[in-house]
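For reference, the chains in residue letters:
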Amino acid sequence: MLVSAAVCPCPPLLVPALAAGAAPELDAARDACADALGVLAGSRPDRLVVVGPAAGPQDLEPYPQGAHGSFRGYGVALDVTLDGTPAGPGRGEPPTLPTSLAVAAWLLGNVAWSASPIQGLGVREPLDTERCIKSGRDIAARDERVALLVMGDASACRTLKAPGYLDDRAAAFDAEVARALAGADTTALAALDEKLATELQSAGRACWQLLAGAAEGTSLDGALLYEAAPYGVGYLVATWS
């Protein structure tokens, strides 16, 4: 059963070493993510499942605790492992984690997560809504007390300089997601338009709909901790508990 969830964005710039001089611009987002992880730890889960968008060949790719990720592809010799330990210098090991889960591993290491075992799951975008909902249900049924860390960004079309350029539909899409996350509204998340999310380059839609499936039948309360689009990409941090 799902007892708590945290929703965090997954840009590599959340890792200060990658952001360099621009790191302070996302300090508020990092603080909100740390607060969200505190809510997860406080729920005393039997297992933490970390889900994030991935580009692998499989629709759903599992990653065990201790799986390795790296930010060397971004020019920084920084490695992470999916086990709650702090990041360290590059060790030369072949990375396996997709970027979204590597960012999650950094967040977990930043708070020294030790509240429960961890399991990762890469979610290929785009994955149809029905499959996302079913996968969420399956995850919630695995243990008596399951927590979810859900990585994903909203639209990438909020400004002229955004990765997807400016799209007039983006602000309304992001606002709807923010409302759904703030209200722990599983129906609204499940109703997100797959085609629109893809056109707006939202990397979070499938993972949010997986959350909707996992939270079915629960009575969790939502809280929106952060909402901004500093680089023309919607970043949201929320908790359900």
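Preceding this paragraph is the structure being described.
What this report covers is the structure whose coordinates are included nearby. None of the values given here were measured: they were computed from a predicted structure.

**A word on a nonpolar patch on the surface**
- A cluster of nonpolar side chains, Leu 160, Tyr 165 and Leu 166, forms an exposed patch at the surface whose accessible area comes to about 320 Å².
- Within the secondary structure, Leu 160 is located in the loop between strand E8 (146-151) and helix H5 (170-182).

**Side note on the pattern of salt bridges**
- Applying the stated criterion across every chain, the model contains 13 salt bridges.
- Across the pair Arg 205 and Glu 125 runs a salt bridge, and its minimum N-O distance is 4.0 Å. In this pair, Arg 205 sits in helix H8 (residues 205-214) while Glu 125 sits in the loop between strand E7 (118-124) and helix H4 (129-140), placing the two residues 80 residues apart along the sequence.
- A salt bridge links Glu 199 to Arg 169; its shortest N-O distance comes to 2.9 Å. Placement of Glu 199 in helix H7 (residues 194-199) and of Arg 169 in the loop between E8 and H5 is noted, with a sequence separation of 30 residues between them.
- With relative accessibility at 33%, the residue Glu 199 sits in the partly exposed group.
- Because the salt bridges share partners, they merge into one network encompassing Asp 167, Arg 169, Lys 195 and Glu 199.

What counts, and where the lines are drawn
Along each chain, residue indices are assigned from 1 in the same order as the chain's sequence is written. With pLDDT at 70 or above as the cut-off, local features in this predicted model cover only qualifying residues; side-chain atom pairs require 80 or more to be listed or tallied, and sums for whole chains, interfaces and linings still use all residues. The side-chain numbers reported here are obtained from all heavy atoms of the structure, hydrogens and water having been left aside. In this analysis, a patch consists of residues with relative accessible area above 30% that form no salt bridge, clustered at 9 Å for like charges and at 5 Å for the nonpolar side chains Val, Leu, Ile, Met, Phe, Trp and Tyr. Here, Shrake-Rupley sampling with a 1.4 Å probe gives the accessible areas, and only protein chains in the shown set may cover a residue. Here a salt bridge means any side-chain nitrogen of Lys or Arg lying within 4 Å of a carboxyl oxygen belonging to Asp or Glu. A helix here means a DSSP run of H or I that spans at least four residues, while a strand means a run of E at least two residues long, and both kinds are numbered starting from the N terminus. Exposure is judged per residue with a 1.4 Å probe applied to protein chains only, and the accessible area is read against the type maximum: over 50% gives exposed, under 20% gives buried, and values in between give partly exposed.

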